Amino acid sequence: MSLPPEFRPADTGVIHDIGYRGYTGPRLGRAYAARSLFTQSLRAAYGLGRSGKSKVLPMIVLGVATVPALIIVAVAVMTGSDKLPVDYAQYLSSIGLVVSIFLASQAPVLFSRDLRHHTVPLYFSRPITRADYVRAKFGAMACAQLLLMTAPLVVLYVGSLLVKLDFGDQTEHFCYGLVAAVLYALVPTSVAVVIAAATPRRGFGVAAIMGYLAVTTTVVGVVIGMSTTTIGFDENLPDSAQWAVLLSPGGLVESLVNELFDLGGTGATRTHAPGGLGLLVFTAVAAAMVAGSYRLLLRRYRNV
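Keep in mind the model is a prediction, meaning the values are calculated, not measured. As a convention, each chain's residues are numbered from 1 in the sequence order in which they are written. Owing to the predicted nature of the model, reporting of local features is limited to residues with pLDDT of at least 70; listing and counting of side-chain atom pairs is limited to 80 or more, with chain, interface and lining totals taken over all residues. Based on all heavy atoms of the structure, the side-chain values leave hydrogens and waters out of the count.

### So, the overall build of the protein chain
As a reminder, the rule being used: Only DSSP runs of H or I with at least four residues qualify as helices, and only runs of E with at least two residues qualify as strands; both kinds are numbered from the N terminus onward. For the radius of gyration, the atoms used are the C-alpha atoms, and the globule rule reads 2.2 Å times the number of residues raised to 0.38. Partly exposed residues are those whose accessible area sits between 20% and 50% of the maximum for their type, while under 20% is buried and over 50% is exposed, using a 1.4 Å probe and protein chains only.
Scanning the protein chain from terminus to terminus reveals eleven helices and two strands. Beginning at the N terminus, the succession of helices and strands in the protein chain can be written as α-α-α-α-α-α-α-α-β-β-α-α-α. Taking 304 residues into account, the globule formula puts the C-alpha radius of gyration at 19 Å, and the protein chain, at 27 Å, lies well above it. If you line up the protein chain on its principal axes, its C-alpha atoms span 120 × 45 × 35 Å. Residues classed as buried in the protein chain amount to 40% of the 304 residues present.

### Re the confidence of the model for the protein chain
Formally: The pLDDT value tells you how sure the predictor is about a given residue, anywhere from 0 up to 100.
Summarising the model, the protein chain shows a mean pLDDT of 86, and 90% of its residues fall at 70 or more. When the elements of the protein chain are averaged for pLDDT, strand E1 (residues 229-231) gives the smallest value, 61, and helix H7 (residues 167-197) the largest, 94.

### Examining the nonpolar core
Which entries qualify depends on this criterion: Buried Ala, Val, Leu, Ile, Met, Phe, Trp, Tyr and Cys residues form a nonpolar core when they are joined through side-chain atoms within 4.5 Å. Contacts between residues were defined by any pair of non-hydrogen atoms, one from each residue, lying within 4.5 Å.
Core analysis: the largest hydrophobic core is formed by 78 residues, its most contacted members being Leu-92, Phe-111, Met-141, Leu-156, Leu-297 and Tyr-301. If we skip the residues at most four places from it in the chain, Tyr-301 touches Phe-111, Leu-115, Val-120, Phe-124, Arg-130, Tyr-133, Val-134 and Ala-197.

### Here's the deal with the packing of helix H4 (residues 96-116) against helix H8 (residues 202-227)
Our working rule: Every axis in this analysis is a line fitted to C-alpha atoms, fitted for helices over the stretch in contact. Angles between the N-to-C directions lie between 0 and 180 degrees. Should the near helix be turned counterclockwise from the far one by less than a right angle, the crossing is left-handed, whereas a clockwise turn marks it as right-handed. Residue type decides the class: Asp, Glu, Lys and Arg count as charged, Ala, Val, Leu, Ile, Met, Phe, Trp, Tyr, Cys and Pro as nonpolar, and the leftover types, Gly among them, as polar.
It is the contact of H4 with H8, at a shortest axis distance of 9 Å, that shows an interaxial angle of 145°. Both H4 and H8 take part in a crossing whose hand is right-handed. Residues Leu-97, Ser-100, Ile-101, Leu-103, Ala-104, Ser-105, Gln-106, Ala-107, Pro-108, Val-109 and Ser-112 of H4 touch H8, and the partners they reach there are Arg-202, Gly-205, Val-206, Ile-209, Met-210 and Leu-213. Residue classes in the contact of H4 with H8 are distributed as eleven nonpolar, five polar and one charged.

### Thoughts on the pattern of salt bridges
Basically, it comes down to this: We define a salt bridge as a contact between a side-chain nitrogen of Lys or Arg and a carboxyl oxygen of Asp or Glu at a distance within 4 Å.
Taken as a whole and judged by the stated rule, the model has three salt bridges. The partner of Asp-132 in a salt bridge is Arg-30, with the nearest N and O atoms 2.5 Å apart. Taken as a pair, Asp-132 in helix H6 (residues 130-162) and Arg-30 in helix H1 (residues 29-45) lie far apart in primary sequence, 102 residues in all. Judged by its relative accessible area of 6%, Asp-132 is buried. With relative accessibility at 42%, the residue Arg-30 sits in the partly exposed group. A salt bridge links Asp-114 to Lys-137; the shortest N-O distance between them is 3.2 Å. Linking Asp-114 in helix H4 with Lys-137 in helix H6, this pair joins segments that are 23 residues apart in sequence. Lys-137 shares its class with Asp-114; the two are buried.

### With respect to unusual backbone geometry
Positioned with a positive phi, His-118 is a non-glycine residue whose angle comes to about 55°. Mapped onto the elements of the fold, His-118 is located in the loop between H4 and helix H5 (120-125). Even without being glycine, Lys-164 reaches a positive phi, approximately 65°. Along the chain, Lys-164 turns up in the loop between H6 and H7. The exposure class assigned to Lys-164 is exposed, which follows from its relative accessible area of 75%.

### Looking at H8
Think of an α-helix as turning once every 3.6 residues; residues three or four places apart then point the same way. Put simply, the rule is: Multiplying 1.5 Å by the helix residue count minus one yields the expected span of that helix.
In a regular helix each residue adds 1.5 Å, so 26 residues correspond to 38 Å; H8 covers 38 Å between its end C-alpha atoms and thus fits that length. Burial in H8 covers these residues: Gly-205, Ile-209, Leu-213, Thr-216, Val-220 and Ile-224.

### So, a nonpolar patch on the surface
How we decide: To count toward a patch, a residue needs a relative accessible area above 30% and no salt bridge. Like charges then connect within 9 Å, nonpolar side chains (Val, Leu, Ile, Met, Phe, Trp, Tyr) within 5 Å. Computed with the Shrake-Rupley method and a 1.4 Å probe, the accessible areas treat only the protein chains shown as cover for residues.
Where nonpolar side chains cluster on the molecular surface, the patch consists of Val-67, Leu-70, Ile-71, Val-75 and Met-78 and spans about 490 Å² of accessible area. Inspection of the secondary structure puts Val-75 in helix H2 (residues 52-79). Looking at Val-75, the relative accessible area reads 40%, which means it is partly exposed.

Given below as structure tokens:
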């Protein structure tokens, strides 16, 4: 007669040697981790590697920024024009609203989501540091902005060569446009990423960034509009009113580029850094805005 299970003797335990070995493969280290974070963040800014709906807004914005450049090129081809109707740097200022929408919507994607889902401490566990994280995220957002603005510039440049416009002149002004694109990708972006990193709520970040950009641009427009005087049929904007542009990151870049490369037309209402002193001050403010925002980001993530 067999015994009930509770009265049967226990089986003898056996320890199996599974041959555990430590990891002996390559250790890619901190630099590789930082580069991977940069690449992943840059892709996330355009919704790559994420859900389909995450790609909708970035791709729409990219299309809205680029399609007018295609139209300009098509018109130049059909009319046989000897120059493009808009300069490269001026084209970037004309799509400023589109660029602001992209910045306001995607900066919180790179910064607020990590705070909301508490993934930032995982990044800092090892091997990257807080400075690596800030550099990767800041650089990814700036590069995403730069790609957005470079795309229409390349379309305009290639189109001008197809129309057989003067190669030297078009190349020179294309380089002016690239400088403007770099400044637009650094100055407004630096402020936007600080705002995005201040809140874990993406919606709050979007509203705060868009509100800041819209309010500063409106204030500058009102000041310039009130300062413009009309004498006969000519409008005049005194240099004293040009200093108000310092309030707006986008306006600051536009005025700085206009003064550096003598762009923006010859009218009295042309916005520009007023004289040599203005050029120095505008350059210093732009550099201080970028450097100060970067320092604020570092301080923000010391407490995370």
